[in-house]
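# An overview of the molecular structure
The lines below spell out each chain.
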Amino acid sequence: MARERPGALVAVLALALAATATASAMAHSSNPTSLPNALSVAGDAESTALYCTGLSGAGGGAAGVVSFLNTQPHARTLSVTVVNNTGQRVTRRVSVAGSSTSQVSPSSWLRGHSYGVEAVVNGGGVVAEEVGANASALAPCVAGGVTSWYASGFDTRVGSSAALSFFNPTATPAVIDVTTFTATGYAAPAPFQGFAVGPHDQVEINLGAQIVNTDNVGVGVSVVRGAVAILGVQRSGAMTSFTTGSTSATTRAWFPQVTTAAAARAEVRLTNPSALPADVTVEVSLGSFHVAPRTVTVAPQSTGVVTITPNPAIPAAGFASLRVSASQPVVAALATGSAAGFSLSAPTGPRREFLVSDFSGRGFATATLTNVSARPLAVSLVALATSGSRAVRAHATVLGGATESLRVLFARLGPLHGRSFFVSARRSALVVTLTLPGRPSGVSVVAPLDGR
């Protein structure tokens, strides 16, 4: 892996997406094992496709752009279609130079409340990221739809709003059921059952329309026909965040970079979609401090929470690393923020390959690599060349169970601002965690692109 070129790194997992010019062949008969993106598509593919959903109009609280990054040295041409929530659409051609980015603002192409974006690329190696207004909310675009999806931690109380955004990348209608979970149990609101998303259309549902004034709402989405791209949009006070969710519940999750700063708020929000109680343990590693594991039992088809900060048992001493384990599969999310509002993020699962790129243009407050296994993990890094810097290759080792700063591990890289890096490991035991600059420190956690 360490000797491969950047283009080859993009092809490691090779989902072999064979999109046609209409990108209509994306229907799936079964759920992918994980949410895909274009990192897993070969750089020499004839054509590839990307799908984004969740951005809003200027007054919707989630306005922003889609940023396309060409990881290959040769230019790519994209056919980009923007569709709004009423089914109107505009298609234009967009060029992205080699090792460069190009942005599309859906609200400047078409008026609407919410948007889906579909891009067909004349080749591989192009990835895309949704960048919310003020560059504080980020989410990767995906290369296909899923048939099941879970997320946890939504808030519909006064001053907050929560929505699920769906984009159908296929040529046939999709039919969707949404189940919700709260501390008092589950519900299947009639308006959330059997609703349809037309071919290449975008639909958004407001969770607060049915689950009123409720904190820590979990959701389970079942696509009973077709496949859709899904993104959760949480607005809390002045903060907007995107949550990518997961395709299944799990008995393990990692949050390696959780703030304990004074005046910060950090919670692990849990949903138990099963019919049995889930005993959940959160192990907390925080510098030289010994912190007793936090435990909670989450009732069947219900939600629970573990507070990290403010917590008298956990000192305000920088960043904590959390490992979540459960007796039954659960859905975990991290809520971070302050009294003014919070940001919601899903855990990143261990993989072999990630792309770290400064899509926000703000750089990163922290960027860490975590080895979730007990054995040392060999890690390789390739920095993409830009107009102001050369391609860089470097190698390092992360000890078992350790979390290391990307800047410290690869000290000669220099600043991360405005740059893109492929990070790969020999085993699927690597977790990359990124936080954006802000106050309190570490409250804006964003997902990297991974090699799924």
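Parameters and conventions
Residues numbered from 1 in each chain as written. Predicted model: local features only at pLDDT ≥ 70, side-chain atom pairs only at ≥ 80, totals over all residues. Heavy atoms only, no water. Helix = DSSP H or I, 4+ residues; strand = E, 2+ residues; numbered from the N terminus. Buried < 20%, exposed > 50% of the residue type's maximum accessible area, 1.4 Å probe, protein only. Contact = heavy atoms within 4.5 Å. Pairing = 2+ DSSP bridges. Axes fitted to C-alpha atoms, helices over the stretch in contact; angles between N-to-C directions. pLDDT = per-residue confidence, 0-100. Phe/Tyr/Trp six-rings, centres within 6.5 Å; stacked < 30°, edge-to-face > 60°. Lys NZ or Arg CZ within 6 Å of the ring centre and 35° of its normal. Salt bridge = Lys/Arg side-chain N within 4 Å of Asp/Glu carboxyl O.

### Remarks on the overall build of the chain
- Check the secondary structure of the chain and you find 3 helices and 34 strands.
- Expressed as a percentage of the 452 residues in the chain, the buried residues total 57%.
- Of the contacts made within the chain by residues no fewer than 6 positions apart, 80% connect residues no fewer than 24 positions apart.

### Details of the sheet that holds strand S16 (residues 229-236)
- Pairing within the open sheet is antiparallel, and its 4 strands lie in the order S14-S10-S16-S17. Each of the sheet's edge strands pairs with one partner strand only, and the pair in question is strand S14 (202-206) and strand S17 (239-243). Within this sheet the neighbouring strands show an average axis-to-axis angle of 20 degrees, counted without direction.
- Of the strand pairs in this sheet, S16 and S17 are connected by 5 bridges, and their pairing is antiparallel. Residue Ser236 lies in a different strand from S17, and its bridge partner there is Met239.

### Some words on the environment of Gly400
- Inspection of the secondary structure puts Gly400 in the loop between strand S29 (392-398) and strand S30 (403-405).
- Considering only alpha carbons, one finds Gly400 and Thr370, 30 residues apart in sequence, at a separation of 8.7 Å.
- Dropping the residues within four chain positions of it, Gly400 is found in contact with Asn371, Ser373, Ala374, Arg375 and Pro376.

### Description of the pairing of strand S18 (residues 250-259)
- By the criterion of burial, S18 is predominantly enclosed, with 7 of the 10 residues buried.
- The pairing of S18 with strand S24 (residues 319-338) spans 7 bridges and is classified as antiparallel. Bridge assignment links Phe255 to a residue of S24, and that residue is Leu322.

### Quick notes on the confidence of the model for the chain
- Across the chain, the average pLDDT comes to 88, with 88% of residues at or above 70.
- Overall, residues 1-38 carries pLDDT values under 50, and its contacts beyond four positions in sequence, including any with other chains, amount to 109 contacts.

### Overview of the packing of aromatic side chains
- Scanning all chains against the criterion turns up 2 aromatic pairs.
- With a centroid separation of 5.5 Å and 65 degrees between ring planes, the pair formed by Phe166 and Phe195 is classed as edge-to-face. Taken together, the positions of Phe166 in strand S10 (residues 160-167) and Phe195 in strand S13 (residues 193-197) put the pair 29 residues apart, joining distant regions of the chain. Note on accessibility: Phe166 and Phe195 belong to one class, buried.
- One Lys or Arg, Arg92, reaches over the ring of Trp109 and ends 4.6 Å from the middle of that ring.
- Across from the ring centre of Phe342, 4.7 Å away, lies the NZ or CZ of Arg269, which sits over that ring.

### Let's talk about the pattern of salt bridges
- Evaluated as defined, the whole model comprises 7 salt bridges.
- For Asp215, the salt bridge goes to Arg157, with nearest N and O atoms at 3.9 Å. In this pair, Asp215 sits in the loop between S14 and strand S15 (217-225) while Arg157 sits in the loop between strand S9 (148-154) and S10, placing the two residues 58 residues apart along the sequence.
- The partly exposed category is assigned to Asp215, whose relative accessible area is 30%.
- Across the pair Asp215 and Arg269 runs a salt bridge whose closest N-O atoms are separated by 3.0 Å. Pair noted here: Asp215 is in the loop between S14 and S15 and Arg269 is in strand S19 (residues 265-272), with a separation of 54 residues, a long-range link.
- If you follow the salt bridges from partner to partner, you end up with Asp155, Arg157, Asp215, Arg265, Glu267 and Arg269 in one network.

### Observations concerning the sheet that holds strand S32 (residues 430-435)
- An order of S30-S27-S32-S33 is seen for the 4 strands of this open sheet, with the pairing classed as antiparallel. In this open sheet, the two edge strands, each paired with only one partner strand, are S30 and strand S33 (445-446).
- Pairing between strand S27 (residues 366-371) and S32: 6 bridges, direction antiparallel. Pairing of Asn371 across the sheet is with Leu430, part of S32.

### Considering the environment of Ser248
- Checked against the element boundaries, Ser248 lands in the loop between S17 and S18.
- Assessed through its relative accessible area of 40%, Ser248 is described here as partly exposed.
- Counting along the chain gives 25 residues from Ser248 to Pro273, while the straight-line C-alpha distance between them is 9.9 Å.

### What about unusual backbone geometry?
- With an omega of 0 degrees, the peptide bond running from Thr309 to Pro310 counts as cis.
- With respect to the helices and strands, Pro310 occurs in the loop between strand S23 (302-309) and S24.
- In this model, His200 sits at a positive phi of 55 degrees, which is unusual for a non-glycine residue.
- When you line up the elements, His200 lands in the loop between S13 and S14.
- Of note in this structure, Ala263 is not a glycine but carries a positive phi near 75 degrees.

### Here's the deal with the pairing of strand S26 (residues 353-357)
- Taken across its 5 residues, S26 has 5 buried, putting it largely inside the fold.
- One ladder, built from 5 bridges, connects S26 with strand S31 (residues 420-425); its direction is antiparallel. Paired with Leu355 across the strands is Phe422, a residue of S31.
- Inspection of the sheet shows S26 paired to strand S34 (residues 449-450) by 2 bridges, in the antiparallel sense. What sits directly across from Leu355, in S34, is Leu449.

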